[in-house]
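Chain residues, written in single-letter form:
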Amino acid sequence: MARTHAETGSPAGAAAFLLVPNGPLRAGIDARAVIAVALVFLASTAVGAATATEGTRSALEVIWTWSPLLLWGFLFNLFISAAAMLIGTAAGVPLGVLQTSDLGPVRWLAWLVTQFFRNSPWLVLLFLCVFLIPYRFTVLGYTVLLPDWSKAILGFALPVMANVSEIVRGAIQSVPTGQWESSASLGFNRRQTLAQIILPQCYKRMLPPWMNLYSLITMSTVNASVVGVSEMITLTNEVLAAEGSRPALLAPLYGFALVCFFLYCYPIARWTQALERRFNVRG
Amino acid sequence: MRSVTHALGAPIVLLKHVCKRFGDVEVLKDISLEVAKGETICIIGPSGSGKSTILRCINGLVPVTSGSIKVDGVEVNDPKLDTLALRRKVGIVFQQYNLFPHKTALQNVMMAPVTVLKQDKAEVEARALKLLDKVRLAGKESSYPGELSGGQQQRVAIARSLAMNPLLMLFDEVTAALDPETKKEVLVTIRELAAEGMTCILVTHEMSFAREVADHVYFTDAGVIVEHGAPDEILQHPKEPRTRAFLEQVL
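For clarity, every value in this text was computed on a predicted model and none was experimentally measured.

Tell me about the overall build of chain A, residues and numbers included.
Regarding its fold elements, chain A presents eleven helices and two strands. Helices and strands appear in chain A in the N-to-C order α-α-α-α-α-α-β-β-α-α-α-α-α. Looking at the 283 residues of chain A, the share that counts as buried comes to 48%. For chain A, the exposed surface amounts to about 14200 Å²; the carbon and sulfur share of it is 70%.

Describe the interface of chain B and chain A, listing the residues and the values that go with them.
In this assembly, 22 residues from chain B lie in contact with 15 residues from chain A. Counting the surface lost from both chain B and chain A, the interface buries some 1500 Å², and carbon and sulfur atoms represent 61% of this. Counting across the chain B and chain A interface gives one salt bridge. Here Arg56 of chain B ties to Glu181 of chain A by a salt bridge, and the two come within 2.7 Å at their closest N and O atoms. On the surface where chain B and chain A come into contact, there are eight residue pairs in polar contact (both at pLDDT 80 or more). Where the side of chain B that touches chain A is concerned, the elements lending two or more residues are helix H3 (83-89), strand E6 (90-93), helix H4 (105-115) and helix H6 (150-162) of chain B. If you tally residues by element for the side of chain B that touches chain A, the top one is H4 of chain B, at three residues. When its residues are assigned to classes, the side of chain B that touches chain A shows twelve nonpolar, five polar and five charged.

Explain the packing of helix H4 (residues 59-98) of chain A against helix H9 (residues 190-220) of chain A to me, using residue names and the numbers behind them.
All names here are of chain A. Viewed as axis vectors pointing N to C, H4 and H9 meet at an angle of 145°, and their least axial separation amounts to 11 Å. H9 is crossed by H4, and the crossing has right-handed handedness. Taken together, the residues of H9 that come into contact with H4 (itself represented by Leu78, Ser81, Ala82, Met85, Thr89 and Val97) are Leu194, Leu199, Trp210, Leu213, Tyr214, Ile217 and Thr218. The residue inventory of the contact of H4 with H9, partitioned by class, reads ten nonpolar, three polar and no charged.

Quick rundown of the side chain of Thr243 of chain B? Include the residues and the values.
All names here are of chain B. Note that Thr243 resides in helix H10 (residues 241-250). For Thr243, a relative accessible area of 0% corresponds to the buried category. At 2.7 Å, the side chain of Thr243 forms a polar contact with the side chain of Glu227. Excluding its chain neighbours within four sequence positions, the residues that come into contact with Thr243 are Phe219, Val226, Glu227, Ile234 and Pro238.

Talk me through the pattern of salt bridges; I want residue IDs and the actual numbers.
In total, this model carries 15 salt bridges over all chains according to the counting rule given. Here Arg136 of chain B and Glu192 of chain B are joined by a salt bridge, their closest N and O atoms 2.6 Å apart. Of this pair, Arg136 of chain B sits in the loop between helix H5 (121-134) and H6 while Glu192 of chain B sits in helix H7 (residues 180-195), placing them 56 residues apart in sequence. We classify Glu192 of chain B as partly exposed; its relative accessible area is 28%. Counted as one network, the salt bridges with shared partners bring together Glu181 of chain A together with Arg56 and Asp172 of chain B.

Mind laying out a nonpolar patch on the surface, listing which residues take part and the relevant values?
All names here are of chain A. Nonpolar side chains collect at one region of the surface, where Phe137, Val139, Leu140, Tyr142 and Val144 lie side by side and expose about 560 Å² of accessible area between them. Elements with a minimum of two residues in the nonpolar patch: strand E1 (136-139) and strand E2 (142-145). By secondary structure assignment, the location of Phe137 is in strand E1. Of the residues examined, Phe137 reaches a relative accessible area of 35% and is grouped as partly exposed.

Help me get a handle on helix H10 (residues 232-242) of chain A, residues and values and all.
All names here are of chain A. Buried within H10 we find Met232, Ile233, Thr234, Leu235, Thr236, Val239 and Leu240. The opening residue of H10 is Glu231, an N-cap whose side-chain oxygen sits 3.1 Å from the backbone nitrogen of Ile233. Remark: Gly244 follows H10 within two positions and exhibits a positive phi of approximately 80°.

Hey, could you go over the confidence of the model for chain A for me, with residue numbers and the actual values?
All names here are of chain A. In this model, chain A carries an average pLDDT of 83, and 84% of its residues clear a pLDDT of 70 or more. Model confidence for chain A, summarised as mean pLDDT per element, is weakest for helix H1 (residues 3-8) at 40 and strongest for helix H5 (residues 104-118) at 95. Predicted confidence is poor over residues 1-28, with pLDDT under 50, and the contacts of this stretch with residues over four places away or in other chains come to 43 contacts.

Hey, could you go over unusual backbone geometry for me, with residue numbers and the actual values?
Notably, Leu140 of chain A is not glycine yet its phi reads approximately 50°, a positive angle. Here Leu140 of chain A falls in the exposed class, since its relative accessible area comes to 79%. Here the phi dihedral of Asn165 of chain B falls at roughly 50°; this positive angle occurs in a residue that is not glycine. By the element assignment, Asn165 of chain B lies in the loop between H6 and strand E7 (168-172). A residue is classified by how much of its surface remains accessible, and Asn165 of chain B, at 52% relative accessible area, is exposed.

Outline the pairing of strand E1 (residues 11-22) of chain B, supporting the account with residue identities and numerical values.
Residue and element names in this part refer to chain B. With eight bridges joining them, E1 and strand E2 (residues 25-36) adopt antiparallel strand pairing. Within E2, the residue paired with Pro11 across the bridge is Ala36. The antiparallel hairpin formed by E1 and E2 contains two residues in its connecting segment, where Gly23 sits at a positive phi of about 65°. The pairing of E1 with strand E4 (residues 66-71) spans five bridges and is classified as antiparallel. Within E4, the residue paired with Leu15 across the bridge is Ile69.

Talk me through the sheet that holds E7 of chain B; I want residue IDs and the actual numbers.
Residue and element names in this part refer to chain B. The six strands are arranged E6-E7-E8-E3-E9-E10 in an open sheet whose pairing can be described as mixed. One side of each edge strand has no neighbouring strand; the edge strands of this open sheet are E6 and strand E10 (224-229). Between one strand axis and the next, the sheet turns by 20° as a mean value, whatever way the strands run. One ladder, built from four bridges, connects E6 with E7; its direction is parallel. Looking at the pairing, Val90 lines up with Leu168 of E7. The strands that helix H2 (residues 51-58) touches are strand E3 (40-44), E6, E7, strand E8 (199-203) and strand E9 (216-221); relative to E7, the one it contacts most, it runs at about 150°.

Break down the packing of helix H8 (residues 177-185) of chain A against H9 of chain A for me, citing the residues and quoting the values.
All names here are of chain A. Contact geometry of H8 with H9 gives a least axis separation of 10 Å together with a crossing angle of 140°. Compared by their axis directions, H8 and H9 come out oblique. Once H8 is placed against H9, the crossing between them reads as right-handed. Between H8, through Gln179, Trp180 and Ser183, and H9, the contact on the second element is made entirely by Arg190, Thr193, Leu194, Ile197, Ile198 and Gln201.

How each quantity is defined
Residues numbered from 1 in each chain as written. Chains lettered and ligands numbered in written order. Predicted model: local features only at pLDDT ≥ 70, side-chain atom pairs only at ≥ 80, totals over all residues. Heavy atoms only, no water. Helix = DSSP H or I, 4+ residues; strand = E, 2+ residues; numbered from the N terminus. Buried < 20%, exposed > 50% of the residue type's maximum accessible area, 1.4 Å probe, protein only. Areas by Shrake-Rupley, 256 points an atom, 1.4 Å probe, with all protein chains shown as cover. Contact = heavy atoms within 4.5 Å. Buried area = accessible area lost by both parts, 1.4 Å probe. Salt bridge = Lys/Arg side-chain N within 4 Å of Asp/Glu carboxyl O. Polar contact = N/O pair within 3.5 Å; in protein donor to acceptor, adjacent residues only side chain to side chain. Nonpolar A, V, L, I, M, F, W, Y, C, P; charged D, E, K, R; others polar. Axes fitted to C-alpha atoms, helices over the stretch in contact; angles between N-to-C directions. Left-handed = near helix turned anticlockwise from the far one by under 90°. Patch = residues over 30% accessible without salt bridge, like charges linked within 9 Å, V, L, I, M, F, W, Y side chains within 5 Å. pLDDT = per-residue confidence, 0-100. Pairing = 2+ DSSP bridges. Parallel < 35°, antiparallel > 145°, perpendicular 65-115°, else oblique.

Below, the structure is given as structure tokens:
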């Protein structure tokens, strides 16, 4: 999702691109990754410092000065991702359950909705939400304002919903059919079986892919900069402009954002892997 | 001999001309059998002969294609069937135990009466503890299925079915996945149940056990009942060549 930065041609953006391919959080990431990110960051600030001319501040000084603002932006990214995850999960769980319904049309409709949002580019869904939803509603005489960031949350929540739906469907179907048979034999109806027998066995299976999705959505929240939400990358662009758009600051400032995201997402990835291993061992 | 009641007592299970097909495959062809109250019958036969399907039809897990199944006078092959009422009367134990892995042994036994029958929790717990004691699992109440041996899990499964106070118990090759030692624990439990007067239908490959506990033995092959009769008749002096060939293979 860091492709937009790679397109800007900045070295840090390119590094971000390398680190965020599909499913980057799975195999083969170890301490070397931490060192690599640290090196990219140090090298970019060093280049910035070396090319600094008289009367201008060094890259580190610039980052230090602006770090409260930039970190505030980063917190906003985390808020957007958490809110999107919350809404997307709340909608995705029932959708996933409906995908296993024994009523054909219900199952088919849930499948269609899931596939539609799962196979749409996240950025396009974001554009649609931000540009199609009006910025204010009038309901019963009350006017509700919808700021861009709230629409962006919805834009991120849609793919989360679709992916959670698939995670839930997969987990439900991975529970052995014997569980359904024995529940039915004991007189459980479908709803009781799902709520008390099947879903409780799904949580463990769902947690690792759900956390993986959370990491991905967190990293993709920088896409909100494209629609002008004041998150970290938007603020980084503004800081760059305020500092006179010096090319020497490009790499250190984007590098700073990269490090922030990395330090947040990498532990989650490791934790996810640990959980996967633990659940696999226990079955 | 209890087989006398076979002719006299009102049947608790009555199958008449039951047919079942899965797509083009005819699994059951014109199956008729009856089980009297308190009777134990064993269904034997080669794999794929439709034995397990018969059990699944009796408790309505698998709908039949044609024919009639009556359990305690109620027609199972009826779209308006009260499934819950049927499932309360018929307990089933499976080859793969199918315990709920996220619940303890005690919770496994308590769940259906509490959730489905909405019975009082304290009452159900007292009954569940007694049942676990009956299947010789006192002390294992708080163990999870993953912590129990196959034989122990199977006995929890039996207790779980008994907690619904069924009229009739179905056993679907319940010892097939067990090693000889744990097999014995389970067979002892079933023997006690049968001796107490529980009506039991067993699908089994344990010929010596069938001979010991059964009042009546049915031999099925390729979806039909080839012959049936008293255990000694069928297992010692089979008339049909197919039965003879099968018994020669397994004994």
